[in-house]
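# Structural characterization, general
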Amino acid sequence: MNDLAREELIDIVSKKLRLLRNEYNFSQDKMAEILGISKKTLIQIEKERALASWTLVMAICGLFRESEIIKMTLGEDPIELVETLVFENIAVPKNRTGGGMVWWKDIDTQWKFKIQKNSISSHYRIIDGNNRRWYSSFDKNYILDKFKLLLEGGKKNEEDIE
């Protein structure tokens, strides 16, 4: 099961909404307008009387993915985290990443691939030598299986992988 469940992400993002709004110097009216919610709903979330919806959390992660608040809370790529929660196992090769300097711990490196574990959400990913993401999942065994397949198949198709 996921170390970070959808409900936990909702709770985390809901509690950071006021800080996020302040980071961008938005009024409550402006933030509500951007998010497509009423000011009353925004106030309820900021006062921790209500939680953001899953749809709102996905919008926040997408719209504010470059926010320092979001990055320090969720890691370098909040969209990758949301995708991993939604799809459980992601197999989308060649999606370039930042390489994992801050939020990622290298688990294994072989040939041109690396398995990393996110230090915040604890999900795994496989990236290549150009920091392109090939797979993401909370399931370590899934990642290990895909890593093995990449190592076996990749050497046969070396011109496709840098």
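This is a predicted model, so every value here is computed, not measured.

## Remarks on the packing of aromatic side chains
Throughout the structure, instances matching the rule amount to five aromatic pairs. Each ring, one from tyrosine 24 and one from phenylalanine 26, has its centre 5.7 Å from the other, and the planes form 25 degrees; the classification is stacked. For the ring pair phenylalanine 113 and tryptophan 134, a centre distance of 5.7 Å and an interplane angle of 90 degrees mean the geometry is edge-to-face. With phenylalanine 113 in strand S4 (residues 113-118) and tryptophan 134 in strand S6 (residues 132-137), the pair connects residues that are 21 residues apart, well separated along the chain. By the burial criterion, phenylalanine 113 is buried, and tryptophan 134 matches it. Above the plane of the ring of tryptophan 54 lies arginine 6, whose end atom (NZ or CZ) is 4.4 Å from the centre. The residue whose ring lies beneath arginine 125 is tryptophan 104, and the NZ or CZ to ring-centre distance is 3.8 Å.

## Side note on the pairing of strand S3 (residues 104-110)
As paired elements, S3 and S4 share six bridges and run antiparallel to each other. In the strand pairing of S4, aspartate 106 is matched with glutamine 116. Two successive antiparallel strands, S3 and S4, enclose a turn made up of two residues, where tryptophan 111 displays a positive phi of approximately 55 degrees.

## A closer look at helix H4 (residues 54-63)
Every α-helical turn comprises 3.6 residues, leaving residues that sit three or four positions apart pointing alike. For H4, the complete set of buried residues consists of Trp54, Leu56, Val57, Ile60, Cys61 and Gly62. For H4, the elements touching its buried residues are helix H1 (6-23), helix H2 (28-35), helix H3 (39-46), helix H5 (68-74) and helix H6 (78-87).

## A look at the nonpolar core
Grouped together as the largest cluster of nonpolar side chains are 24 residues, with contacts concentrated most on Leu9, Leu17, Val57 and Ile60. Sequence-distant contacts of valine 57, defined by excluding residues within four places in its chain, comprise Leu9, Ile10, Val13 and Ala52. In terms of nonpolar packing, the next biggest core, distinct from the first, is built from 11 residues, Phe113, Trp134, Tyr135 and Leu150 among them.

## Quick look at the environment of lysine 39
With respect to the helices, strands and loops of the structure, lysine 39 is situated in helix H3. We classify lysine 39 as partly exposed; its relative accessible area is 36%. Each C-alpha atom, one on lysine 39 and one on glutamine 28, is 6.3 Å from the other, the two residues being 11 residues apart in sequence. Residues contacting lysine 39, with those up to four places away along its chain left out, are Gln28, Asp29 and Ala32.

## What to know about the pairing of S4
Side-chain direction in a regular strand flips from residue to residue, so the side chains alternate between the two faces of the sheet. Alignment of S4 against strand S5 (residues 124-128), held across five bridges, turns out to be antiparallel. Of the residues in S5, the one forming a bridge with glutamine 116 is arginine 125. Counting the residues between successive antiparallel strands, the hairpin from S4 to S5 contains five residues, one of them, serine 122, with a positive phi of roughly 70 degrees.

Rules used throughout
- Residues numbered from 1 in each chain as written.
- Predicted model: local features only at pLDDT ≥ 70, side-chain atom pairs only at ≥ 80, totals over all residues.
- Heavy atoms only, no water.
- Phe/Tyr/Trp six-rings, centres within 6.5 Å; stacked < 30°, edge-to-face > 60°.
- Helix = DSSP H or I, 4+ residues; strand = E, 2+ residues; numbered from the N terminus.
- Buried < 20%, exposed > 50% of the residue type's maximum accessible area, 1.4 Å probe, protein only.
- Lys NZ or Arg CZ within 6 Å of the ring centre and 35° of its normal.
- Pairing = 2+ DSSP bridges.
- Contact = heavy atoms within 4.5 Å.
- Core = buried A, V, L, I, M, F, W, Y, C linked by side-chain atoms within 4.5 Å.

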